[in-house]
Amino acid sequence: MQNVLEFPEVLRLIEDRSAAFRAAVASAPDLDVQVPTCPDWTLRELAQHLGDGRRRQAAIIAAGPGAEPPARTDPKGAPTAPRDREALDAWLAESTKLMLEVMREAGPDRGCWTWWGRSQASQTSGAVARHQIQEIAVHTYDAQLTQGAAQPLPTDVAVEGVDEFLTTVSATTVPWPFKPATIDLHTTDGRSWRLTLNADGVRCDDLAADAEPGDLAMRGAASELVLYFYDRVPLDGLETTGDTEPMEQLAEWDPNA
């Protein structure tokens, strides 16, 4: 695999996408409108989710390694986001600041609890930071879409996002229960990967330039691939060659079931 972004750049992208999310919320005429891509939430509830989630991740990283995430210290559970717009913006900014401060203090190599123990991603604060870019970026897209002004994910965020999703979410050592397959993913932004699905699980590697074609090839802008991975856009929006069944099976498969 190619080297991932350096840790300071990861933190910069978190800050950038957090600012974009806050801008989308601040400019919304109505915070109680439903989010089309998160239909169970209003925009205000999405803001609550994002702010509380960053505070929760700060606590998880600060706690260090563990078999379970640390219990919430507040007996009332998650903090409630302010209803006042200016106070909400400040609360969201503080949520990001708290998480980034803990990440900077921890550095990229501190162990911590994660939900992806059987993937190719490490159980470290650096891996959590990589995942946070995508969580915030995709929810920024959600917030923008609510106003009919959705923008593609920035290229650096999106290319990082394809790699992060494949190694963290798709990869697993749980045996693949279907017919073995290879899936090649190509971005128009210049990078390609191969997923190998077999009895050893699901493995992600950089695609060699001289590799024979896989069972399925998917091609598109990195932003479109990430948004497909997170069920924001349909598969038919991407260029595909070969049998799409392995990708459809992978999207539905829960290796922990």
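These figures come from a predicted structure and were not determined experimentally.

**Considerations on the nonpolar core**
Argument step 1. Core analysis: the largest hydrophobic core is formed by 70 residues, its most contacted members being I14, M103, L185, L195, M218 and F229.
Argument step 2. In terms of residue count, the dominant contributor to this core is helix α4 (residues 125–146) (nine residues).
Argument step 3. Residue assignment places this core across two domains, with domain 1 (7–71 + 79–151) and domain 2 (159–252) each supplying three or more.
Argument step 4. Look past the residues within four positions of F229 in its chain and what remains in contact with it is V162, F165, L166 and L185.

**A short note on the domain arrangement of the protein**
Interfaces are frequently sized by the accessible area removed from exposure as the parts join.
Argument step 1. For the protein, the assigned domains are domain 1 (7–71 + 79–151) and domain 2 (159–252).
Argument step 2. For domain 1 versus domain 2, the separation of C-alpha centres amounts to 25 Å.
Argument step 3. Here domain 1 packs against domain 2, burying approximately 1,600 Å² in sum over the two surfaces, 52% of which is carbon and sulfur.
Argument step 4. When the buried surface of domain 1 facing domain 2 is broken down by residue, R118, Q120 and R130 rank first, second and third, together holding 42% of it.
Argument step 5. Inspection of the region where domain 1 meets domain 2 yields three salt bridges.
Argument step 6. For R130, the salt bridge is made with E160, and the minimal N-O distance between the two is 2.5 Å.
Argument step 7. Inspection of the domain 1/domain 2 interface yields nine residue pairs in polar contact (both at pLDDT 80 or more).
Argument step 8. With eight residues, α4 is the largest single contributor of residues to the side of domain 1 that touches domain 2.
Argument step 9. Taken together, the residues of the side of domain 1 that touches domain 2 sort by class into seven nonpolar, six polar and three charged.

**Overview of the environment of A143**
Argument step 1. As for its placement among the helices and strands, A143 is situated in helix α4.
Argument step 2. Here A143 is in contact with F21, A24, L43 and L46, once residues within four sequence places are set aside.

**Examining the packing of aromatic side chains**
Argument step 1. In the structure shown here, the tally under the stated rule is six aromatic pairs.
Argument step 2. Summarising the aromatic geometry, the rings of W115 and W116 are spaced 5.0 Å apart at their centres and angled 85° between planes, so their arrangement reads as edge-to-face.
Argument step 3. Classification of W115 by relative accessible area gives partly exposed; the value is 47%.
Argument step 4. We classify W116 as buried; its relative accessible area is 4%.
Argument step 5. Seen from their ring centres, F165 and Y230 are 5.1 Å apart, and the 75° between their planes marks the pair as edge-to-face. In this pair, F165 is assigned in helix α5 (residues 155–170) and Y230 in the loop between α6 (222–229) and β7 (239–242), connecting sequence segments 65 residues apart.
Argument step 6. Judged by its relative accessible area of 10%, F165 falls in the buried class.
Argument step 7. What links up through ring pairs into an aromatic cluster is the set F165, Y228, F229 and Y230.

Rules used throughout
As a convention, each chain's residues are numbered from 1 in the sequence order in which they are written. pLDDT decides what is reported in this predicted model: residues at 70 or higher carry local features, side-chain atom pairs at 80 or more are listed and counted, and totals for whole chains, interfaces and linings draw on all residues regardless. Hydrogens and water are ignored here; the side-chain numbers use all heavy atoms of the structure. By convention a nonpolar core is built from buried Ala, Val, Leu, Ile, Met, Phe, Trp, Tyr and Cys residues, the set being connected through side-chain atoms within 4.5 Å. Only protein chains enter the calculation, and the probe is 1.4 Å; a residue is then buried if its accessible area is under 20% of its type maximum, exposed if over 50%, and partly exposed in between. Strands here mean DSSP runs of E at least two residues long; helices mean DSSP runs of H or I at least four residues long; both are numbered from the N terminus. By convention here, the domain bounds are inherited from an automatic or database domain assignment. Between two residues, a contact is recorded if the distance between any of their heavy atoms is within 4.5 Å. Accessible area that two parts lose when put together, evaluated with a 1.4 Å probe and summed over both, is termed the buried area. For this analysis, a salt bridge means a side-chain nitrogen from Lys or Arg found within 4 Å of a carboxyl oxygen belonging to Asp or Glu. Contacts described as polar in this section are N or O atom pairs within 3.5 Å, which, within protein, must combine one atom able to donate a hydrogen with one able to accept it, while residues neighboring in sequence count only if both atoms come from side chains. Any residue that is not Ala, Val, Leu, Ile, Met, Phe, Trp, Tyr, Cys, Pro, Asp, Glu, Lys or Arg is counted as polar, Gly included; the first ten are nonpolar and the last four charged. Only rings of Phe, Tyr and Trp enter the pairing, Trp through its six-membered ring, and a pair is recorded when the two centres are within 6.5 Å. The plane angle decides the type: under 30 degrees is stacked, over 60 is edge-to-face, the rest tilted.

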